[in-house]
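Structural overview for review
Letter by letter, the chains look like this.
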Amino acid sequence: MASVKENEPPTATPQEENGTPKTLKSIAFAKKTPPPEKAESVRLRAFVILSFWAVVIFLGLPTWWITTSIYRADLPLQEMMEWADGKACRPVFPLQILIETPSLAEADAQHLLRTTQHALDDLNEFSAHHLRLSLTQDSLSSPPASDSDNLTENDSQTTNEGEGDVALLIRLLQGEAGSSPRAELQPDSPTLDVYYTNNQIPPTSSSSSPLASFIADTLQNIFAEEQATIAYMLSANSGISAGAPASAANSPHSQFGSATSREQRPSLIRSLSPNLTANIERRSTRSFKSSPTYHLTLSLFSPNSVPSSWDIEAALEEYLSPLLEALDPLSNFTIDTQVQLYASFSPSVQEPRFDAELGAWTLRREDLSGFINAAEWPLSPSIGTGPTVNFILYVPAEDKAPLVVGNNGASSWLIPQWGGVSILNPPTANTSRPRIPEHLTKEDLRPALAVFSHQLLSLLGSPQSPSSLPLRLLTMTRVQTASLIFSASSTLGALARLTQALPSIAIPETVASSVESTITHLNNACDDLREGRFRGALQHGRIAEAEAERGFFEKSMVGQVYFPDEHKVAVYLPLLGPVGVPLIMGALKELKRVLRQRRQRQTI
Amino acid sequence: MRLLLTLFGLLLYLALASAEHTSNWAVLVCTSRFWFNYRHLANVLSLYRTVKRLGIPDSQIILMLPDDMACNPRNAFPGTVYNNADRALDLYGDNIEVDYRGYEVTVENFIRLLTDRVGEEMPRSKRLLTDDRSNILVYMTGHGGNEFLKFQDAEEISAFDLADAFEQMWEKKRYHEMLFMIDTCQANTMYSKIYSPNIISTGSSEIDQSSYSHHADNDVGVAVIDRYTYYNLDFLETHVREPSSKMTLGDLFDSYDEAKIHSHPGIRLVMDFFGNVQNVEVENGAFWPDDLPDLASRYWHIYTRVLSLHFSKNRNTEKETRSSHGKN
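Not measured: the values here are computed from a predicted model. (Residues numbered from 1 in each chain as written. Chains lettered and ligands numbered in written order. Predicted model: local features only at pLDDT ≥ 70, side-chain atom pairs only at ≥ 80, totals over all residues. Heavy atoms only, no water.)

Compared with an ideal rise of 1.5 Å per residue, which puts 33 residues at 48 Å, helix α15 (residues 469–501) of chain A spans 47 Å between its outermost C-alpha atoms and is within 8% of the ideal. With 29 of 33 residues buried, α15 of chain A is to be regarded as a mostly interior element. (Helix = DSSP H or I, 4+ residues; strand = E, 2+ residues; numbered from the N terminus. Expected span 1.5 Å × (residues − 1). Buried < 20%, exposed > 50% of the residue type's maximum accessible area, 1.4 Å probe, protein only.)

Glancing now at the confidence of the model for chain B. Residue and element names in this part refer to chain B. Here chain B averages 76 in pLDDT, and 73% of its residues register 70 or above. Scored below 50 in pLDDT, residues 284–293 shows 18 contacts in the model against residues more than four places distant or in partner chains. Here the complex is predicted with pTM 0.77, and the ipTM for its interfaces comes to 0.75. (pLDDT = per-residue confidence, 0-100. Contact = heavy atoms within 4.5 Å.)

The full count for this structure, using the stated rule, is 29 salt bridges over all chains. One salt bridge in this structure joins K555 of chain A and E121 of chain B, with 3.7 Å as the shortest N-O distance. Linking K555 of chain A in the loop between α17 (534–552) and α18 (565–603) with E121 of chain B in the loop between α3 (107–115) and β4 (134–141), this pair reaches from one chain into another. Its relative accessible area of 38% is what places K555 of chain A among the partly exposed residues. A relative accessible area of 58% means that E121 of chain B is categorised as exposed. Note that K150 of chain B is salt-bridged to D153 of chain B, the shortest N-O span being 2.7 Å. For D153 of chain B, a relative accessible area of 52% translates into the label exposed. Counted as one network, the salt bridges with shared partners bring together E37, R45, E590 and R593 of chain A. (Salt bridge = Lys/Arg side-chain N within 4 Å of Asp/Glu carboxyl O.)

Residue and element names in this part refer to chain B. Read from one edge to the other, the open sheet built from 3 strands follows the order β5-β6-β7, with strand pairing classed as antiparallel. A strand with exactly one partner marks an edge of an open sheet, and here the two such strands are β5 (144–145) and β7 (155–158). Here strand β6 (residues 148–151) pairs with β7 via 4 bridges, running antiparallel. When the bridges of β7 are listed, K150 appears paired with E156. (Pairing = 2+ DSSP bridges.)

A few words now on the environment of V44 of chain B. Residue and element names in this part refer to chain B. Here V44 lies in helix α2 (residues 38–53). Judged by its relative accessible area of 0%, V44 is buried. Residues V44 and I225, spaced 181 residues apart in sequence, show a C-alpha to C-alpha distance of 9.6 Å. The residues contacting V44, other than those within four sequence positions of it, are L28, V29, C30, L63, L65, Y139 and T141.

To continue, consider the UniProt feature "transmembrane region" (unreviewed entry) in chain A. UniProt marks residues 46–66 and 569–588 of chain A with the feature "transmembrane region" (unreviewed entry), using the numbering shown here. Regarding residues 46–66 of chain A, the helix share stands at 100% and the strand share at 0%, and the terminal C-alpha atoms are separated by 29 Å. (UniProt positions renumbered as here; feature names shortened; annotations may be inferred.)

Turning our attention to the packing of aromatic side chains. Taken as a whole, this structure holds 24 aromatic pairs over all chains when the rule is applied. An angle of 10° between the planes, with centres 6.2 Å apart, marks the rings of W377 of chain A and Y394 of chain A as stacked. Highlighted residues: W377 of chain A in the loop between β10 (360–363) and β11 (388–394) and Y394 of chain A in strand β11, separated in sequence by 17 residues. On the numbers, 5.1 Å between centres and 75° between planes, the contact of W35 of chain B with Y38 of chain B is edge-to-face. Overall, the relative accessible area of 0% leaves Y38 of chain B in the buried class. Aromatic ring contacts, followed pair by pair, group F301, F345, F371, W377, Y394 and W413 of chain A into a single cluster. In this structure, K172 of chain B packs its charged tip against the face of F552 of chain A, placed 5.9 Å from the ring centre. (Phe/Tyr/Trp six-rings, centres within 6.5 Å; stacked < 30°, edge-to-face > 60°. Lys NZ or Arg CZ within 6 Å of the ring centre and 35° of its normal.)

See below:
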């Protein structure tokens, strides 16, 4: 203030300049000074100020620190990233294949086994998925097995502790003389019958034989699709870090990850035919994520009042239950059914048109995606945990029957990751005009349920080959295991990257324990795979996946704590202003006094 | 050369892999309450009606409404909400499903919804159960400013929080593609901090620009819709009439006219987000063999016997834990 006054032009208020300051000064001099402070009160004041500071420093600051710091449990970030990059475990799928040679000498059988194994190894380009042949131990002693009792006996004897699941049983059977070797896949058990003649058995001296290469070819064909699927998944998932560019830049390790997987990739991708790749791609789009439980909802929709009842329980028992039981090792299923009458189409979908050529009412193919009137048909999937698979049986009105899809006359279609629709057209054989029955019997429902069974298999990700259902189920076990391991690994990676990227998110102890348990189960799953115990691997994969999800979706990890700097100032200023100013001013004043005192003492 | 081929193969593969999505979801959020904010609720309800018309089922629409205009005592037309002075279309209708209402509409709940960090008690209808095959439309409207959007007079979400939430979704593969649409003042600042891939953003106005309402209904007494939303709806209602529409997002963005909207909308395929997508696979009737049930039942007998011996150890424990598939 003083300097400002000095700068003022002296001409502004000359009178005051000359007069007032003097009087003020004289008044100031005349003013009575307060009585000198007692030394005791000075000391007291110093103590008061000190104690305030002590409270602030020893109580206030720690309290502030404790209440505002974020608890972050230690996570094994390095290990998590290794899993995500596919470096911690390279899943391998050694498939054990048993050969039963009831009518061969042991030496011959061993030799055949060796040459076949050689032929197989030559055919296989993909090291992670390979077939291991072995003889059933008592193939010599047991009589020619043709019924399933023997089959189970043999298996039980050969399966020892620590040995893996048997993927396929080959039975070498005597065929009629003079014919070339012939293979037949049993539709209802994982068994391949190979018919041969005695002269096709390779002599012990030769290193290759037509029979061996025939068996190798057949096996390779059977497992081609599975191999392709797994190769595809491996290559897709070794690029996890490539899919998240931001994170790849963050961690230098992912560079190594992609470098190692790059060696694998070319051979894998190139060995797949584009057709097969497209098939696998479609299947992965179509199928649900692996889950321990699926809810099946079967709904009967009809545009008017008939049919008002259906024999669904009996039909399910007879036509669907066997399949569900067969799928039992993979997942559990719950079933709900409903009947919805007077279900109308959505107004944005064109009404079906009559096609004289087909003699049927047709739906446009592009309208199929709007066939389900999502706004009005009650298909809300709010049943517990796990995905709901919807199956819709639509019975058209009598004047709109038969109803088919325009271009190919089909009456059913599949909606990826949602379910299937089947139109039930009444038989028109003997009556000119179709009549919709009031009650659908078990027999009426049979074709629809057959369609639903196939759709269910499709939706669960079953491969199209081989033709044998049990083999397909075993393939599904392995493929699902792989997908669970990849999914859990990628979740671990995501969690690790988030932990690094968002320092403001709290990480409670439960997340750390979930991560730990995920890694344990992933390791177990990986070990099980290596030793060929695929069902055990699936169980471990399931648990690992669930734990990883639980860790990632921990409820208390909500990143709603970003504060820009101006917000922080705005929060702390009102607090620090009134408290901080007196504190600091008091401390300064006291310091000044102490310094002055010391100087005075020195001068004296 | 080898490397090039490899890279090409990888690119081709990635292109194939990211080609398709199987479900569409919509998150429609209004963030303001009180009668004079009637238009914000009308904005959201209009969008709700549109996506529903184009086929997204209610189970895949998350609707957040902080206030109930239909039952507001100042509403001259009780039980209805209109987005136009002609009052031709009642947005409330008889079939709307509000997932988060009143004071449930908070920043925390919104972020929990996006990141799915919810408790066990949360019903499935209030969760965003998306995966890497889902496209999501996120529409927000309310009062906002530079890099924030106010939630209900009490709190605000910042552009940074939103960006972090989207990043968490991307990391966990919770979306395939996302369309982020926002109608508020200085809306374009809200998406300026987003750093995750596969998000298309569009907003009503630039920084330091207000977003305006379109017109008021004198009988209702307040503005009924915002300009930006109005012209979006105008496009969707007149050009995208059915689920098989082939209009693209580019067409939608091209339709934006600054002279009409009175602010500069920002942009960073329409049915990919607004409608229901189902790439159905039509089956030929003859394709399915009819024998699967028989086959399965025959197989089951053999399989159980094989398994019971094979996995006798595993199986015993499993049988106890396994719940039989019930029918109800």
